[in-house]
Amino acid sequence: MKNLVLMLILAGLLFPLSAGVNRIVAIGSDSARKNMGDAKLYDAAHGLSLSGAEIYYYNENYIVAGLDERFETMHKDLAYRYLAAAPMRLTLFLVSRLDIDDPLDLSTYGRVLLDLGTSLLLQSDLNEVELRARIHNPFTILDTEPMRFQAQALNLSVVDETRTSISQMISHVNADSVLSFIQSLQDFQTRYAFASNRLQVAQWIQQQFIRMGVADAQLHQFIWQNTQQYNVVATIPGSVYPDQYIIVGGHHDSISNNSDPMLLAPGADDNASGTVAALEMARVILSSGYQPKCSIRFVTFAAEEFGLWGAKAYSAYAQATDMNIRLMMNHDMIANSNENPQTWRVRLMPYDGSLDHSAYASTLTQQYTTLNPVYGSLNSGSSDSHPFWQRGYNVIYFFEYQFCPYYHTSNDITANLNPVYCAEVIKASAAVAATFADMPGAPSNLSVLDAGSGNALYMSWQGYNDASLSHYNVYFSTTMGQWGTPVTTTNWNATISGLTQGQLYYVAVSSEDVFGNESYLIYGAGVPYSIPLTPHSLTDVPSPDSIVLSWNPNTEMDLAGYNIYRSNSSETPGSILNAVPFTGVAYPDNDVVGSLSYYYYRVAALDMQGNSSPLSVPIRSRPVSLNQGILIVDETKNLGGSNPFQPTDEQVDNFYAMLMNGFDVHHFDTESTESLLRLGDIGIYSSILWHGNDLSDMDYPYTVRNALLSYLSYGGNIMFSLYQPTLAFDLNSGYPATFPANNYLNYAVGIGSVNYSTAARFKYANPLIPGFPPLQVDSLKTTSSLNGHILRVEGIHAAEGAQNVYSYGSDYANSSAAGLMNGSPIAVLKDSGNGKIITLSFPLYNMQGASARALTYHVFTNLFNEASPNDDQNETHISPVRITASYPNPFSDRTSIAVKIKDGSIPINVSVYNLRGQQVREVFDGKVSGNHEFVWDGRDRQGNKAATGIYFVRVSQARDAVIRKVMLIRN
């Protein structure tokens, strides 16, 4: 039984969403287990995924994962090995060794990133067809789609009694029938995935199921490598649980390395034998009259030899349709054995998270057959069970003990296999399938509530109206998996009493039928308290008229409601907004005003005795007002300035200050805080200028795109200037690509398609719409080797309803590699009818300043209707106030701000703001002229010492304002 301690603990906590994976790493499995509190391997991998890592694959040696920087701040002592940057433009292959002595030299096909022991992780520019032509080992493309993890396990207290119905059913398995099926598949000569007979093969398998009496036998089609491929799907419906499935599978395609596979690939053992496991099992179930309680679905997969494509397609379909799969059983090469029948062995290939299933399959194999089961390598990526395991389904994989010497050759024929051994494996598999099919249905929707007495938990669940059900088993323990004797009940609820207040208890419930068969266990956890728990997951949804607060409901039975607190300070709770306990979990605060200041909210739970929980973690928010000027979002990393593509923070800030000089601006630096921008942060500003001027961590917009979409819907305007916007907004890394109408890039950003070339060179942005000035790369902001050009500029094509704004230009001929992108659109303007968004796929920082200033002037005055800083859009405005210096900077106690004022008759204001745009201190407000120094002593308006961090000194006069960044460092 699997220990899911970490899953249960972590699932209730708030973890920041990944800011976008930027590296693929190998985490030592032992390091992961230690970092997760000496957890079991499954729990360690699951715990890492819950805390923000994307787990792609793991075994006993390594966990292959995608990480971002936010994850690393949470796991600073986690040892890992860097493998590659993400997102990847090359393909990752998981290539399996055929045995422990297989040297598997892949160095000529790409870069081996990691030796996992039983397999190698290969990074290659080959596709699966090209790689298959070079090697005969099994492989799969390692998808960078995060693994899913199970939330249930098998209880091995199931009664180990041989059942007559199963013995009678498997007695019908016949070696002659097995041989006949395999020979028929071999007679196709080839079942190669590209062969023209692939539909004929699938239809033959389909007809065998129909001939046996399986009424529901269909072809599941999918596209691979521009070919139509066909899985065969045949279902024997369950008598009690028809919507729950045992999947019995094996691939039907074949390949040969020593002959032309288009003509000859007999594939008797690999894998007619696995296909025949499904066919023979269906035959004996129907011929014996056995009726499974849950449905048994037989699936033979296409295109396995090129990377498990049939299983990937069907497991994705199962996930998308929320198919309830109790177990997936895979068969791949089960017909080779030269051993004495008395010592026949079969391998069960175990998968972490389904180890108990393999253990139970081992027990059943010994009960019902003469086979001696042994375990193979952990988490095999070499066969069709792997995609199902990755998607969170329990799996069992049968595999011959003696590996076929004719693997992937034209000699893999019936004369070289053992049909009697194959029949014995099928008997074992049929017994396993029937046992799992006849298990009672597991309860669902388990709820665990604190009874409120300090010593009891209340459990409830959804059971089944199954006449053969006897009772439900209720387990509880302070140690996950060490359950002891269960409490039994025929109800769909139970109260566990006599517990210790404040102690975490793990609970589980299962169904048991009158035959002693027990279902899967489903898990939960709870802590008994006499006072309510603190509400968690407090979130906000601001609008122009209100801020709606919501949180996860508390789980106390004696819950009376909640109190909602609001304050103007993060330090104090403030006052209660509700007159009586609020019984919902979504509270609208309608008494709000939009300004630079935040409201701070907290929630406490109340029980029937009047006890209050501690206050929740505060959340700050503001209503959407769109009346506080322009927000400049600086997404550029704070780099060292060693080259024009790694500018320092000061270089970038000075450039954009020049571009926006005279506008009413505020600042947010994404490097200054781990908190992600939310609608409450940006909704007060009428427009946003968002810039990213480096080639690292470019996907921040993806992490906040829902907030951006809401902002646009309320009428906010955004100008983006950044590299690779399709990556930034949608994590796209493939070119060319088209984005359908329901894709965020299309409906929100206005980008319908994209193209890109690593060889292309960009120098000119040529306007396609009147009013937009021509732009050119600043020769001082590129390298001499690029001849005045820059790289990494996408061609983004406007979607329907949007406009192309600029086109790509260079000094190179269109026919050359460097000039390949010439003429491609590189900027898109979308007007949704509410807000406008303009996206440049190049950084303004690298363009000549005067024309870039003309562009921002045009966009923010003419398109976004911001207050104009001067009357001449072609003249760079010279502000009548100027900050000439600030020193010292950084500072610890005080800093002087040197200001030059041109006109002393107009009052000026000198104020300090934090990164959220909140005024920290007004330093001066009045009239002065000429050169003047103002001192900020590092304190706020109440005289308290301001915290270490970055601040902005803003000097304004009438409609003009200048800003200088200063850094306060407390000793």
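In this text the structure is predicted, and so the values were computed from the model without any measurement.

Thoughts on the nonpolar core
Among soluble globular proteins, nonpolar side chains are generally buried collectively.
Then, number 1: Residues Phe209, Ile246, Phe298, Phe398, Val432 and Phe436 are the most contacted members of the largest nonpolar core, which totals 83 residues.
Then, number 2: Top element by residues in this core is helix 13 (residues 419-437). It accounts for 13 residues.
Then, number 3: With near-sequence residues (within four places) excluded, Phe209 lies in contact with Val214, Ala217, Val232, Ala234, Ala278, Leu279, Ala282 and Phe298.
Then, number 4: Membership of the second largest hydrophobic core comes to 60 residues, among which are Ile63, Tyr314, Leu378 and Phe388.

Some remarks on the sheet that holds strand 40 (residues 795-798)
Then, number 1: Taken in spatial order, the 3 strands of this open sheet run 36-37-40, and their pairing is antiparallel. Pairing within the sheet leaves two strands with one partner each, and these edge strands are strand 36 (737-738) and strand 40.
Then, number 2: By the bridge criterion, 4 bridges tie strand 37 (residues 751-755) to strand 40 in an arrangement that is antiparallel. Considered in strand 40, the bridge of Val754 is made with Ile796.

Considerations on helix 11 (residues 355-368)
Then, number 1: When the terminal C-alpha atoms of helix 11 are compared, their 20 Å separation across 14 residues agrees well with the 20 Å that a helix rising 1.5 Å per residue should span.
Then, number 2: Restricting attention to buried positions, one finds in helix 11 the residues Asp356, His357, Ser358, Tyr360, Ala361, Ser362, Leu364, Thr365 and Tyr368.

With respect to the environment of Ala748
Then, number 1: Its place among the elements puts Ala748 in helix 19 (residues 744-749).
Then, number 2: For the pair formed by Ala748 and Ser713, sequence separation is 35 residues and the distance between their alpha carbons is 9.5 Å.
Then, number 3: Leaving out residues up to four positions away in the same chain, Ala748 has contacts with Leu709, Leu712, Lys830 and Ile837.

Quick word on a nonpolar patch on the surface
Then, number 1: A cluster of nonpolar side chains, namely Met262, Leu263 and Leu264, defines an oily patch on the protein surface of about 270 Å² accessible area.
Then, number 2: For Leu263, the position within the fold is in the loop between strand 12 (241-251) and helix 9 (268-288).
Then, number 3: Judged by its relative accessible area of 60%, Leu263 is exposed.

Observations regarding the packing of helix 8 (residues 198-212) against helix 9
Then, number 1: Direction vectors running N to C along helix 8 and helix 9 enclose 15°, while the axes themselves pass 9 Å from each other. The orientation of helix 8 relative to helix 9 falls into the category roughly parallel. As for the relative orientation of helix 8 and helix 9, their crossing is right-handed in sense. Two secondary-structure elements touch here, helix 8 through Trp204, Ile205, Gln208, Phe209 and Met212 and helix 9 through Thr275, Ala278, Leu279, Ala282, Arg283 and Leu286.
Then, number 2: When the residues that make up the contact of helix 8 with helix 9 are grouped by side-chain class, the tally is 8 nonpolar, 2 polar and 1 charged.

A few points about the environment of Ile170
Then, number 1: Note on placement: Ile170 falls in helix 6 (residues 164-170).
Then, number 2: Each C-alpha atom of the pair Ile170 and Asn654 lies 79 Å from the other, and the pair is 484 residues apart in sequence.
Then, number 3: The contacts of Ile170, once residues within four sequence positions are left out, are Tyr368, Lys427, Ala430 and Ala431.

Considerations on the confidence of the model for the chain
Then, number 1: In the predicted model, the chain carries a mean pLDDT of 89, and 94% of its residues have values of at least 70.
Then, number 2: Long-range and interchain partners of residues 1-19, a stretch whose pLDDT sits below 50, account for 66 contacts in this model, where long-range means more than four residues apart.
Then, number 3: Scored below 50 in pLDDT, residues 871-877 makes 13 contacts in the model with residues more than four places away or belonging to other chains.

A closer look at the pairing of strand 45 (residues 895-901)
Then, number 1: The buried count for strand 45 comes to 6 of 7 residues, which makes it a mostly enclosed element.
Then, number 2: Where strand 45 and strand 48 (residues 930-936) come together, 7 bridges link them in antiparallel fashion. Within strand 48, the position partnered with Val899 by the bridge is His932.

What about the packing of aromatic side chains?
Then, number 1: For the structure on display, the rule yields 46 aromatic pairs.
Then, number 2: Each ring, one from Phe93 and one from Phe139, has its centre 5.6 Å from the other, and the planes form 90°; the classification is edge-to-face. Linking Phe93 in strand 5 (residues 91-96) with Phe139 in strand 8 (residues 139-141), this pair joins segments that are 46 residues apart in sequence. As far as burial versus exposure is concerned, Phe93 and Phe139 are alike and both buried.
Then, number 3: Members of the aromatic cluster, each reached through a chain of ring pairs, are Trp690, Tyr700, Phe720, Phe729, Tyr744 and Tyr747.
Then, number 4: Lying across the ring of Tyr598, Arg622 places its NZ or CZ 3.9 Å from the centre.
Then, number 5: Against the face of Tyr845 rests Lys781, its NZ or CZ located 3.9 Å from the ring centre.

Cut-offs applied
Residues numbered from 1 in each chain as written. Predicted model: local features only at pLDDT ≥ 70, side-chain atom pairs only at ≥ 80, totals over all residues. Heavy atoms only, no water. Core = buried A, V, L, I, M, F, W, Y, C linked by side-chain atoms within 4.5 Å. Buried < 20%, exposed > 50% of the residue type's maximum accessible area, 1.4 Å probe, protein only. Helix = DSSP H or I, 4+ residues; strand = E, 2+ residues; numbered from the N terminus. Contact = heavy atoms within 4.5 Å. Pairing = 2+ DSSP bridges. Expected span 1.5 Å × (residues − 1). Patch = residues over 30% accessible without salt bridge, like charges linked within 9 Å, V, L, I, M, F, W, Y side chains within 5 Å. Areas by Shrake-Rupley, 256 points an atom, 1.4 Å probe, with all protein chains shown as cover. Salt bridge = Lys/Arg side-chain N within 4 Å of Asp/Glu carboxyl O. Axes fitted to C-alpha atoms, helices over the stretch in contact; angles between N-to-C directions. Parallel < 35°, antiparallel > 145°, perpendicular 65-115°, else oblique. Left-handed = near helix turned anticlockwise from the far one by under 90°. Nonpolar A, V, L, I, M, F, W, Y, C, P; charged D, E, K, R; others polar. pLDDT = per-residue confidence, 0-100. Phe/Tyr/Trp six-rings, centres within 6.5 Å; stacked < 30°, edge-to-face > 60°. Lys NZ or Arg CZ within 6 Å of the ring centre and 35° of its normal.

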